[in-house]
Amino acid sequence: MDLSITHPADFHVHLRQGALSELVTPHVRKGGFCTAYVMPNLKPPITTTDQALVYKATLEAIEPNVQFLMTLYLSPELTPDEIRKAKNAGIVGVKSYPRGVTTNSDGGIESYETYYPVFEVMQEVDLVLNLHGEIPSDSVHNIHILNAEPSFLPHLHKIHSTFPRLRIVLEHATTRAAIEAIKACGDTVACTITVHHLELTVDDWAGQSWNFCKPVAKYPDDRQALRDIVKEGHPRFFLGSDSAPHPPRNKSTSTPSCGCAAGIYTSPILLPLTAHILESFGALDRLEGFVGTFGRDFYKIPAIGSKVVLKRGVNGATFSIPEGGYTLKDESVVPFWAGKQINWTISK
Ligand SMILES: NC(=O)N[C@@H](CC(=O)O)C(=O)O
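Along every chain, residues carry numbers that run from 1 in the direction the sequence is written. Reporting in this predicted model follows two pLDDT cut-offs: at least 70 for local features of residues, and 80 or more for side-chain atom pairs to be given and counted; totals over whole chains, interfaces and linings ignore these cut-offs and use all residues. Water and hydrogen atoms were dropped before computing side-chain values, which therefore reflect all heavy atoms in the structure.

In the nomenclature of an unreviewed UniProt entry, the protein corresponds to dihydroorotase from the organism Lentinula lateritia. The UniProt entry for the protein carries this comment under Sequence similarities (unreviewed entry): "Belongs to the metallo-dependent hydrolases superfamily. DHOase family. Class II DHOase subfamily." UniProt positions are given in the numbering used here, feature names are shortened, and annotations may be inferred rather than shown by experiment. What UniProt states about the protein under its Pathway (unreviewed entry) heading is, verbatim, "Pyrimidine metabolism; UMP biosynthesis via de novo pathway; (S)-dihydroorotate from bicarbonate: step 3/3."

Listed below in structure tokens is the structure:
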């Protein structure tokens with residue numbers, strides 16, 4: 001059985017910098033994707049149009065066959081004038097990271113109201129606001145990684161009601177509360193869902209550092225809500241893989257004082273893995289919308305490039321996800337589900 005998908009687009013991906021970027025950027029194409037919506041949480045973060053354009057050229061030099069859509073990191077350096085400059089230069093969105101909640105978010109924001117003049121101009125010129133939807137842990141107020149996303153949702157509602165024409169994407173939703181919140185918003189608000197959050201629950205990352213990412217996977221009922229909305233084919237919910245590579249030494253530490261890096265790596269296997277997981281809960285017929293049409297429509301990005309053909313193994317044949325991961329020079333990365341078998345592969 002073959003499936004032909006028009007111009008798959010990943011609307012949330014981390015492509016890093018330096019040698020790690022050289023290793024992972026070609027994996028967008030390897031994983032079946034023609035478009036990558038690139039996150040700006042580098043060291044230092046991408047806060048200006050000029051930096052974003054240099055970064056884009058670097059990515060294009062590594063992988064000329066992918067359309068890179070660039071974002072800026074919301075920070076005090078981002079002025080209304082810079083927003084206009086970004087729009088004219090083809091930058092697509094601005095990503096907000098609450099301070100300290102995830103990888104490279106030390107320069108993240110503390111108050112959304114501070115940025116209202118920036119949001120005003122973003123609304124006017126039609127730049128997208130991408131929200132990492134968690135609030136920082138706070139033991140005094142009983143905020144922790146399991147309720148950080150639901151606790152963020154009042155901020156989403158407030159920004160949406162203040163700027164109803166501003167296009168907003170709540171990134172990597174993990175809870176039933178987030179799905180309900182997005183449904184209740186108008187057509188200017190959408191939501192990305194990762195493929196790993198369609199599979200994992202709390203039990204899978206507690207004690208398994210390779211399944212640890214932010215936001216963490218939640219309860220089975222939350223996962224069911226994510227699966228149901230994908231199965232429904234709701235056009236404001238689409239794939240953003242949040243594929244986030246980390247060197248193995250940072251994921252799997254043996255030193256008690258070193259934490260485990262947050263991030264799950266899916267780029268090189270993304271389209272076959274998405275087909276496999278959607279098929280597992282009866283949503284394979286939604287694949288094309290979920291990995292392409294819905295996101296491109298929301299972002300107003302026309303389809304370019306040829307179709308990508310997925311092939312299902314015949315007579316129960318399966319395809320393995322490389323157990324040893326991928327290596328280039330001194331860098332290596334290990335993908336989600338390393339060593340497991342999946343039912344789909346990309347047809348050469
Ligand atoms: N998702 C993650 O767990 N990590 C991301 C950052 C992010 O998007 O939160 C990363 O850059 O590693």
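What follows continues from the structure just given.
K.L.:
What is the right way to read the sheet that holds strand E3 (residues 35-38) from this model?
P.N.:
Across a sheet, paired strands are connected by hydrogen bonds in the backbone, their directions being either parallel or antiparallel. Taken together, the three strands give an open sheet; going across it, the order is E2-E3-E4, and neighbouring strands pair in parallel fashion. Each edge of the sheet is formed by a strand with only one pairing partner; in this case those strands are strand E2 (9-13) and strand E4 (67-69). Strand-to-strand twist of the sheet, defined as the mean angle between neighbouring strand axes without regard to direction, takes the value 20°. Two strands pair under a simple rule: DSSP has to find at least two bridges between them. Each helix corresponds to a stretch of at least 4 residues labelled H or I by DSSP, and each strand to a stretch of at least 2 residues labelled E; elements are numbered beginning at the N terminus. Strand direction decides the pairing type here: E3 and E4, joined by three bridges, are parallel. Paired with alanine 36 across the two strands is phenylalanine 68, which belongs to E4. Helix-sheet contacts for helix H12 (residues 287-299) involve E2 and E3, and the interaxial angle to E2 is about 70°. Inter-axis angles, ranging from 0 to 180 degrees, are taken between N-to-C directions of lines fitted to C-alpha atoms, where helices are fitted over the stretch in contact. Should any heavy atoms of two residues lie within 4.5 Å, those residues are counted as being in contact.

K.L.:
Any chance you could explain the site of the ligand here in plain terms?
P.N.:
Residues in contact with the ligand amount to 15 residues; listed here are only the nearest, Arg16, Thr102, Lys214, Asp242 and His246. Polar contact is the term for a pair of N or O atoms within 3.5 Å; when the atoms are in protein, one must be able to donate a hydrogen and the other to accept it, and sequence-neighboring residues count only if both atoms are side-chain atoms. Asparagine 41 places a side-chain nitrogen or oxygen 2.9 Å from an oxygen atom of the ligand. The contact in question runs from a nitrogen atom of the ligand to an N or O atom on the backbone of alanine 262, over 3.1 Å. Isolated, the ligand exposes 320 Å² of accessible area, and the fraction of that covered by the protein chains is 100%. Think of it as three bins: nonpolar holds Ala, Val, Leu, Ile, Met, Phe, Trp, Tyr, Cys and Pro, charged holds Asp, Glu, Lys and Arg, and polar takes everything else, Gly as well. The class makeup of the residues in the shell around the ligand is three nonpolar, nine polar and three charged. Here a residue is considered near a molecule or strand provided that any single heavy atom belonging to it is located within 4 Å of it. Only the protein chains shown count as cover for residues, and the accessible areas themselves come from Shrake-Rupley with a 1.4 Å probe.

K.L.:
What am I meant to see in the packing of aromatic side chains here?
P.N.:
Aromatic pairing here means that ring centres of Phe, Tyr or Trp (its six-membered ring) are within 6.5 Å. Orientation follows from the plane angle: under 30 degrees is stacked, over 60 is edge-to-face, and everything else is tilted. Throughout the structure, instances matching the rule amount to 14 aromatic pairs. Between the aromatic rings of phenylalanine 238 and phenylalanine 298, the centroid separation amounts to 6.1 Å while the plane-to-plane angle is 40°, which identifies the pairing as tilted. Separated by 60 residues along the polypeptide, phenylalanine 238 in strand E10 (residues 237-239) and phenylalanine 298 in helix H12 bring together distant segments of the chain. No difference in accessibility class separates phenylalanine 238 from phenylalanine 298, as the two residues are buried. Joined through ring pairs, the aromatic side chains of Phe11, Tyr37, Phe238, Phe298 and Tyr299 make up one cluster. Stacked on the ring of phenylalanine 298, the Lys or Arg arginine 167 has its end atom at 5.8 Å from the ring centre. Per-residue accessibility, obtained with a 1.4 Å probe over protein chains only, is compared with the maximum for each type, and a residue is labelled buried under 20%, exposed over 50%, and partly exposed between these values. Here, over-ring charges are defined by two tests on the NZ atom of lysine or the CZ atom of arginine: distance to the ring centre within 6 Å, and angle to the ring normal within 35 degrees.

K.L.:
Quick question: what am I supposed to make of the packing of helix H7 (residues 176-184) against helix H9 (residues 220-232) here?
P.N.:
When two helices pack together, their arrangement is given by the angle between the helix axes and the distance between those axes. Two elements in contact, H7 and H9, have axes separated by 8 Å at closest approach and are oriented at 35°. Contacts between H7 and H9 involve Arg176, Ile179 and Lys183 from the first element and Asp221, Asp222, Gln224, Ala225, Leu226, Ile229 and Glu232 from the second. Residues belonging to the contact of H7 with H9 are distributed by class as follows: four nonpolar, one polar and five charged.

K.L.:
For this particular structure, what's the right way to read the pairing of strand E7 (residues 128-132)?
P.N.:
As a general feature of sheets, a regular strand has side chains that alternate between the two faces. In terms of burial, E7 is largely enclosed, as five of its five residues are buried. The side-chain alternation of E7 yields two buried faces, one formed by Val128, Asn130 and His132 and the other by Leu129 and Leu131. Where strand E6 (residues 93-96) lies against E7, four bridges are found, and the strand directions are parallel. Bridge pairing links glycine 93 to valine 128 in E7. Looking at chain direction, E7 and strand E8 (residues 168-171) are connected through four bridges and run parallel. Pairing of leucine 129 across the sheet is with isoleucine 168, part of E8. With helix H6 (residues 148-162) bridging E7 and the parallel E8, this β-α-β connection has right-handed handedness. With the strands pointing away from the viewer, any crossover whose connection runs clockwise from the first strand over the helix to the second is right-handed.

K.L.:
Just checking my understanding: could you explain the pattern of salt bridges for this structure?
P.N.:
Where side chains of opposite charge bring their charged atoms close, a pairing between them can arise. Think of a salt bridge as a Lys or Arg side-chain nitrogen and an Asp or Glu carboxyl oxygen that are within 4 Å of each other. Scanning the entire structure with this criterion turns up 12 salt bridges. Arginine 167 is the salt-bridge partner of aspartate 126, the closest N and O atoms lying 2.9 Å from each other. One end of the pair, aspartate 126, is in the loop between helix H5 (116-125) and E7; the other, arginine 167, is in the loop between H6 and E8, and 41 residues separate them in sequence. The class of arginine 167 is buried, set by a relative accessible area of 9%. One salt bridge in this structure joins lysine 214 and glutamate 134, with 3.9 Å as the shortest N-O distance. Taken as a pair, lysine 214 in the loop between helix H8 (202-205) and H9 and glutamate 134 in the loop between E7 and H6 lie far apart in primary sequence, 80 residues in all. This pair shows no difference in class: lysine 214 is buried, exactly as glutamate 134 is. Taken together, the salt bridges that share partners define one network made up of Asp126, Arg167 and Lys300.

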